[in-house]
Amino acid sequence: MLIGAQMMGAARGSCPLDVLSGVANAAYGLRRLRAAYTGKCIRVRRSSDNTEIDVGFVGNSLDTVTLLAFTGSGKGYVTTLYDQSGNSYDAYQPTAAYQPLIVIAGVLQTQNGRPAIYFPTNCFLALPAGVGPASGGSFSVNAVFNMSAVGPYPIWCLGQHATNDIYLALNSTSGNAGNILYARFSSSGYGGGTVNSGNIYNTLLIQTLDYVAGTGANGYLDGVAGSATIPALQTNVYTYGSINGLSSGPTTAGNAWGLPYVSEFLVFNSAVLSAFDRQIIEHNQENYFGIAGA
């Protein structure tokens, strides 16, 4: 385990992006991820009258007092999850029927005591083109989530060539609960790596995926490396140009995905994170979310 001052500072609660050498292309979360970020966290629509407000932070935490006072005893739907990287790649969902929730019946949605966004069936947040990596490029993606349903449901995917062709996704199947990493090609099926043989459902997880252009991808679940490498992606897999929903899947409804809670989602699309940076992020998330093993 790394025990340097930089690692220990990150684990004790620094804004995670402030202690990295790498620069995030997009950063989504329900806490302040970068100290210099002065914008809001989320935009919320309340069920009682469909009024919307932006909700910011108190210190580095989501302003839950303002949020719950606004929603009252009803529901709070997330219409926008603001990008804290400084690149303005805000996640959005203008269609009410597809908006995920952060408050249900006046109760804040949480995972391990921290705010989380709940994605019912068919709900998703779309991201603008430019969030995902350039065609053929290397990248890293990090997510904190809870997959609450059994089945071959991706939590997120990177790039599409056509509406239903998912080329890179975090996934799990009911047949092998430890299989969490998949790449799907239009005709060659799936390739995956088993991280562990335990049940990964209904528990908050930290997932990091590193993809090296022309080589393949390696994944980490709560800091543990997968046992297999996803094969290299074919050329031009990112022509769709976005990450399609923090609940994942195509940016169209009609699919029952993994019904997850998503707490944090980071994209680094210029290069793969160094091992040191990856461990800084994972230790910070372990500390903040109370997840063991990262």
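Cut-off values and rules
- Residues numbered from 1 in each chain as written.
- Predicted model: local features only at pLDDT ≥ 70, side-chain atom pairs only at ≥ 80, totals over all residues.
- Heavy atoms only, no water.
- Helix = DSSP H or I, 4+ residues; strand = E, 2+ residues; numbered from the N terminus.
- Contact = heavy atoms within 4.5 Å.
- Phe/Tyr/Trp six-rings, centres within 6.5 Å; stacked < 30°, edge-to-face > 60°.
- Buried < 20%, exposed > 50% of the residue type's maximum accessible area, 1.4 Å probe, protein only.
- Lys NZ or Arg CZ within 6 Å of the ring centre and 35° of its normal.
- Arc of directions from axis to C-beta.
- Expected span 1.5 Å × (residues − 1).
- Pairing = 2+ DSSP bridges.
- Core = buried A, V, L, I, M, F, W, Y, C linked by side-chain atoms within 4.5 Å.
- Salt bridge = Lys/Arg side-chain N within 4 Å of Asp/Glu carboxyl O.
- pLDDT = per-residue confidence, 0-100.

The topology assignment puts S263 in strand β22 (residues 261–268). If we ignore the near neighbours within four places in the chain, the residues touching S263 are Y28, G29, L30, Q111, P115, A116, V144, L204 and F289.

Relative to the elements of secondary structure, A126 occurs in the loop between β12 (117–118) and β13 (139–146). For the pair A126 and T80, spaced 46 residues apart in the sequence, the C-alpha separation amounts to 9.3 Å.

As a further point, take the packing of aromatic side chains. The tally for this structure, following the rule as stated, stands at 4 aromatic pairs. Seen from their ring centres, Y37 and F57 are 6.3 Å apart, and the 85° between their planes marks the pair as edge-to-face. Of the two residues, Y37 is situated in the loop between β1 (26–29) and β2 (42–46) and F57 in strand β4 (residues 57–58); the sequence distance between them amounts to 20 residues. Exposure class is identical for Y37 and F57. Each is buried. Measuring from centroid to centroid gives 4.9 Å for Y118 and Y261, while their planes differ by 40°, and the two rings are tilted. Here Y261 lies in strand β22 and Y118 lies in strand β12, a separation of 143 residues in the sequence. The burial state of Y118 is the same as that of Y261; both residues are buried. Sitting over the ring of Y288, R31 keeps its end group 4.2 Å from the ring centre. In this structure, R114 is placed above the aromatic ring of Y288, and the distance from its NZ or CZ to the ring centre is 3.8 Å.

Further remarks concern helix α2 (residues 64–71). Because each turn of an α-helix spans 3.6 residues, side chains separated by three or four positions end up pointing in the same direction. Taken together, the buried positions of α2 are L67, F70 and T71. Projection of α2 onto a plane perpendicular to its axis shows the buried side chains occupying an angular sector of 90°, all on one side. Of the exposed residues in α2, the ones pointing more than 90 degrees away from its buried face are V65 and A69. Of the surrounding elements, those touching the buried residues of α2 are β2, β3 (52–55), β5 (61–62), β6 (76–81), β8 (101–104) and β9 (107–108).

A word on helix α3 (residues 275–289). Its 15 residues place the ends of α3 21 Å apart at the C-alpha level, agreeing with the 21 Å of an ideal helix rising 1.5 Å per residue. Here α3 has its buried residues at D277, R278, I280, I281, E282, H283, N284, Q285, Y288 and F289. Phi for G290, located one or two positions after α3, is positive at around 70°.

Here we take up the pairing of strand β18 (residues 204–212). Burial analysis of β18 places 8 of its 9 residues in the buried class, which makes it a mostly covered element. As judged from the 8 bridges shared by β13 and β18, these two strands associate in the antiparallel manner. Residue N146 lies in a different strand from β18, and its bridge partner there is L204.

Among the nonpolar cores identified, the biggest contains 35 residues, and Y28, I42, L67, L81 and I102 are the most heavily contacted of them. If you tally residues by element for this core, the top one is β13, at 4 residues.

Our next topic: the pattern of salt bridges. For the structure on display, the rule yields 5 salt bridges. When the shortest N-O distance is used, the salt bridge between E52 and R43 registers 2.9 Å. Residue class for E52 comes out partly exposed when judged on its relative accessible area of 32%. Exposure remark for R43: the relative accessible area of 24% places this residue in the partly exposed category. Across the salt bridge formed by E282 and R278, the nearest N and O atoms sit 2.7 Å from each other. Of this pair, E282 and R278 both sit in helix α3, separated by 4 residues, roughly a single helical turn. R278 shares its class with E282; the two are buried. One connected set of salt bridges, linked through shared partners, spans R43, E52 and D54.

Another aspect to go through is the confidence of the model for the protein. On average, the protein scores 74 in pLDDT, and the residues at 70 or more come to 62%. Scored below 50 in pLDDT, residues 172–197 shows 85 contacts in the model against residues more than four places distant or in partner chains. This model gives residues 247–257 a pLDDT under 50, and the stretch forms 40 contacts once residues within four places in sequence are excluded.

Let us now look at the pairing of β2. Along any regular strand the residues' side chains alternate between the sheet's two faces. Pairing of β2 with β3 involves 4 bridges; the strand directions are antiparallel. Across the sheet, I42 pairs through a bridge with V55, a residue of β3. Between the antiparallel neighbours β2 and β3 lie 5 residues, among them N50 with a positive phi of about 65°. By the bridge criterion, 5 bridges tie β2 to β6 in an arrangement that is antiparallel. Counterpart to R46 in the pairing with β6 is G76.

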